[in-house]
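Descriptive structure summary
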Amino acid sequence: MALAKLKQDATLARLAGITLPEGATWATAARSDALARLSAMGLPTRRDEYWRYTDPASLIVADAPPAALFDNGEAPLFAGVDRIALVFVDGVFDAAQSDDLAGAGIEIHRLADVAQRDIHWAKDLYGTLESRGQHPVERPLAALNTAIASDGIVIRATAKVQKPVHLVYLHQSETSDVTLHNLVRIEAGASLTLLETGPGAARLSTCLEVDIADAGQFHHIRAQGSDHERRAVTHCFAQLAAESVFKSFTLTFNGVLTRNECVIDMRGDDAVAHVAGACVGDGGDFHHDDTVFVTHDALRGESRQVFKKVLRNGAVGVFQGKILVKQGAQKTDGYQISQSLLLDDDSQFLAKPELEIYADDVACSHGSTTGAIDETALFYLRSRGVPMEAARNLLTLSFLAEALAEIEDQALAEELQTRLEGWLARRA
Amino acid sequence: MLEINNLHAELETDADVTILKGLTLSIKPGEVHAIMGPNGSGKSTLSYVLSGKDGYSVTAGSAMLEGVDLLEMEPEERAAAGLFLAFQYPVEIPGVGNMTFLRTAVNAQRKARGEEELSAGDFLKEVRAKAKDLQIDADMLKRPVNVGFSGGEKKRNEILQMAMLEPKMCILDETDSGLDVDAMKLVADGVNALRSENRSFLVITHYQRLLDHIKPDFVHILADGKIIKSGGPELALEVENNGYADILAGAA
Ligand SMILES: Nc1ncnc2c1ncn2[C@@H]1O[C@H](COP(=O)(O)OP(=O)(O)OP(=O)(O)O)[C@@H](O)[C@H]1O
Ligand SMILES: [Mg+2]
């Protein structure tokens, strides 16, 4: 189908300013392919079905809107965890602040380095899941990421890796515009926990491709940083082989615009995929969008989507979640819940839950709710002496608890819980 | 302790519905008063108005706790001042653990009164001992507040909260409903253990049986928003035997 003229012109104009990262390597071919994909589909506009609730304009404009730096005085997240920390400052890898790119049962490189070398598993993965994830719904900003990302982290787990890898995204320049592309390959029976924290830039685009072999496990916990004016578009593409496990949780505070897309392809039998998110937004500038697509293409797959949003003072939350069960994916167990707690009448939650099922022996359910604080519970707490603000906060945290419960590691979950308490206290 | 004088209250949303129509009641320190009365006569409304629930407007009269105007205070301030209501229908709060809830409440009240907060260890010790008396097991303490509790378990949980908060003025709204015979005994023992010369009780009930266990000093009959008759424990027996017809006819 031919692109609308306007869209094509806009896309060409935007791409004209882009130079792909240099060097005659395998990466150059992958980037050109991505650019070609992007040119064919065009950059998104609000007319596109999956951008109706979120305006992509500020994610696309050539000059990223600046974002003031913000220090809430809290210590860096997960600093006490025994981990491999890899630090990017406004997209530039900071070797001095980072741990060695090494660990037991793990192979770690920078994308900037592997692009020059023939590391076949990285080469096979780069842009591959992203490209496959363009159907049936186009994700042009992911293709843009693949085309222009010059750095990121590339990880291969060959055993059960004990130490989490922590990607720390620091934001120190008000005008930074950053694109990072990360790859994770979990070999059969291996496992890895990946942590990602921080705003990373005034405008950050990350793309994560995760390939999990048989019985591999991948755990992903992310906190997107509390800078008020930051923008982010993130993509995660995961491919699951038999009996593998994928679990991802994202906590979002503040920021003017966040679009998190997660695309999961369950290709092997008996795989498990959980995607969860908790977001808290305050003010008319806050817009947070979770867009999830889970495809069941194998037997007995189990998938869960659990998303909770707390919105106040005109904040906007969006959830677009789909479960697609292909023909033959019998005994699929698919679950999806998206809920918002609106703390006032100005805030808004827009949800588009979808089920598309072509197998006859499956159990799939989805639900979406929007509600206010339960006045009866609020009075009950106050009648026991809990002050109004504390009672509201307790009920707000209890609303988010179901999403946080998706995090398996108790210590990490508690650390995020403490951050939420801090956020609520700052806003009291 | 509690002085209620000529209290009038109507629905906030509908001024045509007046529920309390001139209620007067005086409870001295250490006393136990019982209120009985037909369904819909305003017993729960009285407990809500005293504890500060939204939805009611007081149009006349007063309610003072130890000389302080209750009606001017927020619900949490009333609690810190020593008022406690055991709800007729305790509220379920998914996602908030019973222990977290109890500790938050205990420490919030201590803080409001300028007292030191209870340490985690001391708190735990105290809850465990009191829960044991009420036969509330460790599992119930861990679960979200009242979620999945049976009717009787919810009522026992109310009494546990009361025991932890050590209020001065305790209002029990039909705490006996939904309790089996043994649980009623447990709850009554819990209440009696708290009886002291500095603590008063207002026990709302439909049945004489609870009053066999918690012996009241005074019994009042509330009908159509007013106390129409007061007496000693024998009044409860009269209601048990004859119903309200005679009393209502006598008051008319
Ligand atoms: N929020 C409300 N909205 C409408 N009507 C109300 C409300 N609260 C109380 N009422 C009415 O006020 C009257 C008194 O109710 P209340 O619950 O106080 O009675 P009660 O004496 O506790 O009855 P019961 O013995 O059945 O518990 C009833 O007719 C009730 O329907
Ligand atoms: Mg009642």
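Criteria and cut-off values
Here the residue index of a chain counts from 1 through its sequence in written order. All chains are assigned letters beginning at A, and all ligands numbers beginning at 1, according to the order in which they are written. Under the rules for a predicted model, residues below a pLDDT of 70 receive no local features and side-chain atom pairs below 80 are neither given nor counted, while totals for whole chains, interfaces and linings still include all residues. As a rule here, side-chain values cover all heavy atoms of the structure and leave hydrogens and water aside. Helical segments are the DSSP runs of H or I of at least four residues, strand segments are the runs of E of at least two, and each set is numbered from the N terminus. In this setup the radius of gyration rests on C-alpha atoms only. A globule is expected at 2.2 Å times the number of residues raised to 0.38. Using the Shrake-Rupley algorithm and a 1.4 Å probe, accessible areas are obtained, with residue cover drawn only from the displayed protein chains. In this charge count, Lys and Arg are treated as positive and Asp and Glu as negative; neither His nor the chain ends contribute. Working definition for charges: the position is that of NZ of Lys, CZ of Arg, CG of Asp or CD of Glu. Each pair of strands is called paired provided DSSP finds at least two bridges between the two strands. Only heavy atoms matter for contacts: two residues are in contact if any of them lie within 4.5 Å across the pair. The axes are straight lines fitted to the C-alpha atoms, using for helices just the contacting stretch, and the angles between their N-to-C directions are given from 0 to 180°. These descriptions rest on fixed angle ranges, namely under 35 degrees for roughly parallel, over 145 for roughly antiparallel, 65 to 115 for roughly perpendicular, and the rest for oblique. Note: crossing handedness is left-handed where the near helix turns anticlockwise from the far helix by less than a right angle, and right-handed where it turns clockwise. Classes in brief: Ala, Val, Leu, Ile, Met, Phe, Trp, Tyr, Cys and Pro nonpolar; Asp, Glu, Lys and Arg charged; the others, Gly included, polar. UniProt positions are given in the numbering used here, feature names are shortened, and annotations may be inferred rather than shown by experiment. Residues are counted as near a molecule or strand when any one of their heavy atoms sits within 4 Å of it. Pairs of N or O atoms are called polar contacts if they sit within 3.5 Å, as long as, within protein, a hydrogen donor faces a hydrogen acceptor (for residues adjacent in sequence, only side-chain-to-side-chain pairs). By convention, the term buried area covers the 1.4 Å-probe accessible surface removed from two parts as they join, with the contributions of both added. Salt bridges are defined by distance alone: a side-chain nitrogen of Lys or Arg within 4 Å of a carboxyl oxygen of Asp or Glu. Coordinating donors are taken to be N, O and S atoms lying within 2.8 Å of the metal, or within 3.2 Å when the metal is Na, K or Ca; because water is excluded from the atom set, some sites may appear incomplete. Residue types Ala, Val, Leu, Ile, Met, Phe, Trp, Tyr and Cys, when buried and joined through side-chain atoms within 4.5 Å, form a set referred to as a nonpolar core. Here the term buried applies to any residue with accessible area under 20% of the maximum for its type, exposed to any over 50%, and partly exposed to those in between, with areas from a 1.4 Å probe on protein chains only.

Under an unreviewed UniProt entry, chain B has the name FeS assembly ATPase SufC and belongs to Yoonia vestfoldensis SKA53.

As annotated in an unreviewed UniProt entry, chain A carries the name FeS assembly protein SufD and is attributed to Yoonia vestfoldensis SKA53.

Here we take up the overall build of chain B. If you tally the helices and strands in chain B, you get 10 helices and 12 strands. Since a compact globule built from 252 residues should have a radius of gyration of about 18 Å, the 18 Å found for chain B is in line with a globular shape. Expressed as lengths along the three principal axes of its C-alpha atoms, the size of chain B is roughly 55 × 40 × 35 Å. Carbon and sulfur atoms provide 48% of the accessible area of chain B, an area that totals close to 11,000 Å². The positive charge centre, built from 26 side chains, and the negative charge centre, built from 39, are 5 Å apart in chain B.

All names here are of chain A. Here we have 10 strands laid out as an open sheet, ordered S3-S4-S5-S7-S9-S11-S13-S15-S17-S19, and mixed in their pairing. Here the strands that pair on one side only, and so sit at the sheet edges, are strand S3 (102-103) and strand S19 (348-357). Examined bridge by bridge, strand S4 (residues 106-110) and strand S5 (residues 153-157) share five bridges and lie antiparallel to one another. The residue bridging Ile108 from the neighbouring strand is Ile155, located in S5. Its contacts with the sheet put helix H7 (residues 140-148) on strand S7 (177-186), strand S9 (203-212) and strand S11 (231-240), and the angle it makes with S7 is roughly 90°.

On to the packing of helix H4 (residues 120-133) of chain B against helix H6 (residues 151-165) of chain B. All names here are of chain B. One way to put it is that H4 packs onto H6 with a least axis distance of 10 Å and a crossing angle of 135°. Compared by their axis directions, H4 and H6 come out oblique. Two packed elements cross with a definite hand, and for H4 against H6 that hand is right-handed. Counting all contacts with H4, which are made through Phe123, Glu126, Val127, Lys130 and Ala131, the residues of H6 involved are Leu160, Ala163 and Met164. Residues that form the contact of H4 with H6 fall into these classes: six nonpolar, no polar and two charged.

With numbering matched to this structure, UniProt assigns "domain: SUF system FeS cluster assembly SufBD core" (unreviewed entry) to residues 174-399 of chain A. End C-alpha atoms of residues 174-399 of chain A are separated by 34 Å, and the span's content is 9% helix alongside 59% strand.

Residues and elements named next belong to chain B. Taken together, 14 residues form the shell around ligand 1, and within it Gly40, Lys43, Ser44, Thr45 and His206 come nearest. Ser41 has a polar backbone atom sitting 3.2 Å from an oxygen atom of ligand 1. Within the side chain of Gln88, an N or O atom sits 3.2 Å from an oxygen atom of ligand 1. Taken by itself ligand 1 offers 630 Å² of open surface, and the protein chains cover 60% of this. The biggest single contributor to the shell around ligand 1 is helix H1 (residues 43-51), with three residues. Tallied by class, residues from the shell around ligand 1 come to four nonpolar, eight polar and two charged.

Assignment of secondary structure puts A:Glu354 in strand S19. Not counting residues up to four positions away in its chain, the partners in contact with A:Glu354 are A:Tyr50, A:Gly321, A:Lys322, A:Ile323 and A:Gln336.

Residues given the UniProt feature "domain: ABC transporter" (unreviewed entry) here are residues 2-249 of chain B. For the annotated span residues 2-249 of chain B, helix accounts for 40% and strand for 28% of the residues, and the straight-line distance between the end C-alpha atoms is 29 Å.

Contact residues are listed per partner, giving 29 residues for chain B and 16 residues for chain A. Contact between chain B and chain A buries roughly 1,800 Å² in total, counting both sides, with carbon and sulfur atoms accounting for 69%. Our count for the chain B to chain A interface comes out at three salt bridges. With a closest N to O distance of 2.6 Å, B:Glu74 and A:Arg382 form a salt bridge. Of all the elements in the fold, those that place two or more residues in the side of chain B that touches chain A are H1, helix H2 (75-80), strand S6 (83-86), strand S7 (93-97), helix H3 (98-112) and H6 of chain B. The element contributing the most residues to the side of chain B that touches chain A is H3(B), with six residues. Looking at the side of chain B that touches chain A residue by residue, the classes come out as 17 nonpolar, eight polar and four charged.

Moving on to the coordination of the magnesium ion (ligand 2). Ligation of the magnesium ion (ligand 2) by protein atoms is provided by B:Ser44 (OG) and B:Gln88 (OE1), these donors lying 2.0 to 2.2 Å from the ion. Here B:Gln88 lies in the loop between S6 and S7 and B:Ser44 lies in helix H1, a separation of 44 residues in the sequence.

What follows deals with the nonpolar core. Looking at soluble globular proteins, one finds that nonpolar side chains tend to be buried together. In terms of nonpolar packing, the biggest core is built from 116 residues, with A:Phe249, A:Leu416, B:Leu46, B:Leu50, B:Ile93, B:Met162 and B:Phe201 touching the most fellow members. By residue number, the principal contributor to this core is helix H9 (residues 388-404) of chain A, which donates eight residues. Not counting residues up to four positions away in its chain, the partners in contact with A:Phe249 are A:His220, A:Ile221, A:Arg222, A:Ala276, A:Gly277, A:Ala278, A:Ala403, A:Leu404, A:Ile407 and A:Leu416. Counting 46 residues, the second-largest nonpolar core is a separate cluster that includes A:Leu86, A:Ala157, A:Leu208 and A:Ile212.

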